[in-house]
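What the coordinates show
Spelled out, the chains give:
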Amino acid sequence: MVNNILEFEKPVAELEKKIEEMRKFGDSYDIADEINKLEEKVIKLKHNIYDNLTRWQRVQLARHPARPYTLDYIQMICTDFVELHGDRLYKDDKAIVGGFAKIDNQKVMIIGHQKGRDTKSNLYRNFGMPNPEGYRKALRLMKLAEKFNIPVVTLLDTPGAFPGLEAEENGQAEAIARNLLEMSRLKVPIIVTIIGEGASGGALGIGVGDRILMLQNTWYSVISPESCSSILWRSWDYKEQAAESLKLTANDLLEQKIIDRIVPEPLGGAHKDPLYMAETLKKILKEELNKLIKIRPERLVKTRLEKFGSMGVYEE
Amino acid sequence: MSWFKRSKENISPDSIKRELPDGQWVKCVSCSEIIHKSQFEINNWVCTKCDHHSRIGSREYISILFDKNTFREMDKKMKSGDPLKFSDTKNYKDRVETTIKKSGLNDAVKTGTGRIDGKRVAFACMDFKFIGGSMGAVVGEKIARAIDKAYTSKIPMIIISQSGGARMMEGAFSLMQMAKTSARLARLADNNIPYISILTDPTTGGTTASYAMLGDVIIAEPNALIGFAGPRVIKETIGKDLPEGFQRSEFLLEHGFIDLIIPRKELKEKLGSVLEYVSNDLN
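Residues numbered from 1 in each chain as written. Chains lettered and ligands numbered in written order. Predicted model: local features only at pLDDT ≥ 70, side-chain atom pairs only at ≥ 80, totals over all residues. Heavy atoms only, no water.

**Structural notes on the overall build of chain B**
Helices and strands together make up the secondary structure of chain B, namely 9 helices and 10 strands. At 19 Å, chain B has a C-alpha radius of gyration in line with the 19 Å of a compact globule built from 283 residues. Its C-alpha atoms put chain B at 50 × 50 × 40 Å along the principal axes. Within chain B, contacts between residues separated by at least 24 positions form 69% of all contacts whose residues are at least 6 apart in sequence. As displayed, chain B offers around 11900 Å² of accessible surface, 47% of which is attributable to carbon and sulfur atoms. The average position of the 42 basic charges and that of the 35 acidic charges among the side chains of chain B differ by 6 Å. (Helix = DSSP H or I, 4+ residues; strand = E, 2+ residues; numbered from the N terminus. Rg over C-alpha atoms; globule rule 2.2 N^0.38 Å. Contact = heavy atoms within 4.5 Å. Areas by Shrake-Rupley, 256 points an atom, 1.4 Å probe, with all protein chains shown as cover. Lys, Arg positive; Asp, Glu negative; His and termini not counted. Charge placed at Lys NZ, Arg CZ, Asp CG, Glu CD.)

Right, here's the structure in full:
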């Protein structure tokens, strides 16, 4: 974990280390008071840091390698998960996982991007960057859910759709476009949650739904700050400014009325207390599901069309 | 409609070739052939020597496709807001204003209705020269409304794409235009109203990954760059040179993602025959 401390978290880590060291001497010296004071200071410092994160810092938190990923959430939130594989056309994409599951007693089709934790698993998962077959698998599962009247829950966490040779040959654009069209008219509820990175079309490809939720320290935009920097500033060095300009945090997107709700994270990020994080997400997913399953399919589809129809600012 | 009443008569391909004025020469970007401007226009901005399809805008496509004086523009005045107060090396607001002045266009798409071989259609055509034909809220909204027009009037929808993708300066709003337009096309499809997508050079990114790839029939101009990721990004990712012809119209046809490639001079005629098959019972 030592390597995973982000630059802006260092003051907290230093203080925590100091407390740790003092505890070791706790028996021989009466320093409980001192430790208490320091602990208070840590909490204050944490609030100070995490409540005032810059947009770029949130992007870094969204990418934190210790964050829970889709399969972690499925394990913590769901029971009886039956993973389903393959697009029935070409391949099984490991960067998108999905299957039947239950959230308490509610059956769902849960689908999400899946990243890896180390080099080996990241290569296996293609760093969470889907190929067309991933989007086609997701669509197949959604149509399956529709057939049996099961609501769809999607979890978004991708640095983007894979920009590869084969991906283009196999119709990356067509696969994403098809999903947007089909998701917009799917006759079961869809709840979308951004749990990490929501990079552009690669995220939106499983991101059209009735409720769009975002965990507190995630980002969602049309392009990553790095790519934006390289295109508009012609240099990789302006990612902080690009992140500020893109207004890509959960707070920003709530203000832009693109998402419906922010799911609060534990202090310091989802990875600081994954179980608590999963509990919070589960509670909110259940709330939203309970509301949506009561709505007639025609109404659901119509409202979804209007929801995305209202997004965008222009002058006439 | 003011642009359609220009004094310059021979913009239309079927008009009679007139005397060539002096100093009106263009150079083909592909083979460097020097062609007279009026000759070039008569040939639909296609090189007379190498057949290179030069990049043209909505105005030119309208003159090529529509029956004379039938095109009525919609939402002509719609302009981009600046919801993010976006700024990079320039302010987005200034960038838009400069582009409007320079291009004479209000944004990267022109929409409307008109007649092609007598058949009424709803139409959208993008313009690459407006911030790379990028799709922001104006493009998304205008296309959505054109699709609504097709839906309420029960007439075919035609979109000519020419775009680098979603517009960065409108952040997530741009991204959502992909969902907005695709949802409208879903409703169109549910009502058996045809949608024909025409891809021109270049069509990439979020535009390709939404309405461009959703046509009942997808037509491309010869040798147009069509893809999701740009070639430079792919090259950097895989660390290898890309094969000859990669992401060109012919490549997409070979891989099964477009229906047909039609040279510009045959576009109106072929489009007319496709329309005849898909729009028989509509009007």
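That was the structure; now back to the text.
**Here we look at the packing of aromatic side chains**
Under the criterion given, the structure shown has 5 aromatic pairs over all chains. Consider the rings of A:Trp233 and A:Tyr238, whose centres lie 5.7 Å apart with planes at 5°: the pair is stacked. Given a relative accessible area of 32%, A:Tyr238 falls into the partly exposed group. Taking 4.8 Å as the distance between ring centres and 80° as the angle between the ring planes, the aromatic pair formed by B:Phe66 and B:Phe123 counts as edge-to-face. Taken together, the positions of B:Phe66 in the loop between α2 (58-65) and β3 (72-74) and B:Phe123 in strand β6 (residues 119-126) put the pair 57 residues apart, joining distant regions of the chain. A cation sits over an aromatic face here: B:Arg55 above B:Phe128, 4.2 Å from the ring centre. (Phe/Tyr/Trp six-rings, centres within 6.5 Å; stacked < 30°, edge-to-face > 60°. Buried < 20%, exposed > 50% of the residue type's maximum accessible area, 1.4 Å probe, protein only. Lys NZ or Arg CZ within 6 Å of the ring centre and 35° of its normal.)

**Description of the nonpolar core**
Residues A:Val152, A:Leu204, A:Tyr220, A:Cys228, B:Met157 and B:Tyr211 are the most contacted members of the largest nonpolar core, which totals 106 residues. Take this core: its biggest share by element is 9 residues, from helix α5 (residues 171-190) of chain B. Setting aside residues no more than four positions away along its own chain, A:Leu204 makes contact with A:Leu180, A:Tyr220, B:Leu175, B:Met176, B:Met178 and B:Ala179. Counting residues in hydrophobic clusters, the runner-up holds 27 residues, among them B:Cys28, B:Ile56, B:Ile160 and B:Leu267. (Core = buried A, V, L, I, M, F, W, Y, C linked by side-chain atoms within 4.5 Å.)

**Considerations on the layout of surface pockets**
As a volume, the largest pocket reaches approximately 1600 Å³. In terms of lining, the largest pocket is formed by 48 residues, of which the most central are A:Ile223, A:Ser227, A:Ile231, B:Gly230 and B:Val233. When contributions to the lining of the largest pocket are tallied by element, the ones reaching two or more residues are β5 (190-199), α9 (200-204) and α10 (225-232) of chain A together with α6 (205-208) and α7 (231-238) of chain B. Within the lining of the largest pocket, the residues separate by chemical class into 23 nonpolar, 16 polar and 9 charged. (1 Å grid on protein atoms, 1.4 Å probe; cavity = no way out; pocket = protein on both sides within 12 Å on 5 of 7 lines; lining within 4 Å. Points joined across faces, edges and corners; volume = space filled by probe spheres on them. Nonpolar A, V, L, I, M, F, W, Y, C, P; charged D, E, K, R; others polar.)

**Regarding the pattern of salt bridges**
All names here are of chain A. On inspection of all chains with the given rule, the structure shows 48 salt bridges over all chains. The partner of Glu306 in a salt bridge is Lys302, and the shortest N-O contact between them spans 3.1 Å. Here Lys302 and Glu306 lie together in helix α14 (residues 297-309), a separation of 4 residues that amounts to about one turn. Taking relative accessible area as the criterion, Lys302 reaches 43% and is therefore assigned partly exposed. (Salt bridge = Lys/Arg side-chain N within 4 Å of Asp/Glu carboxyl O.)

**A word on the interface of chain A and chain B**
On the chain B side, the residues contacting the 47 residues of chain A number 59 residues. The contact between chain A and chain B buries some 4600 Å² in all, and 72% of this surface belongs to carbon and sulfur atoms. Across the chain A-chain B interface, the total number found is 2 salt bridges. Linking A:Glu316 and B:Arg145 is a salt bridge whose minimum nitrogen-to-oxygen distance equals 2.8 Å. At the junction of chain A with chain B, the criterion picks out 13 residue pairs in polar contact (both at pLDDT 80 or more). Among the secondary structure elements, those contributing two or more residues to the side of chain A that touches chain B are α7 (165-169), α8 (172-184), α9, β7 (219-221), α10, α11 (239-246), α14 and β9 (314-315) of chain A. Considering every element that reaches the side of chain A that touches chain B, the biggest residue donor is α8(A), with 9 residues. When its residues are assigned to classes, the side of chain A that touches chain B shows 26 nonpolar, 12 polar and 9 charged. Relative to strand β4 (residues 79-80) of chain B, β9(A) runs antiparallel, the two being bridged by 2 bridges. The residue of β4(B) that forms the bridge with A:Glu315 is B:Lys79. (Buried area = accessible area lost by both parts, 1.4 Å probe. Polar contact = N/O pair within 3.5 Å; in protein donor to acceptor, adjacent residues only side chain to side chain. Pairing = 2+ DSSP bridges.)

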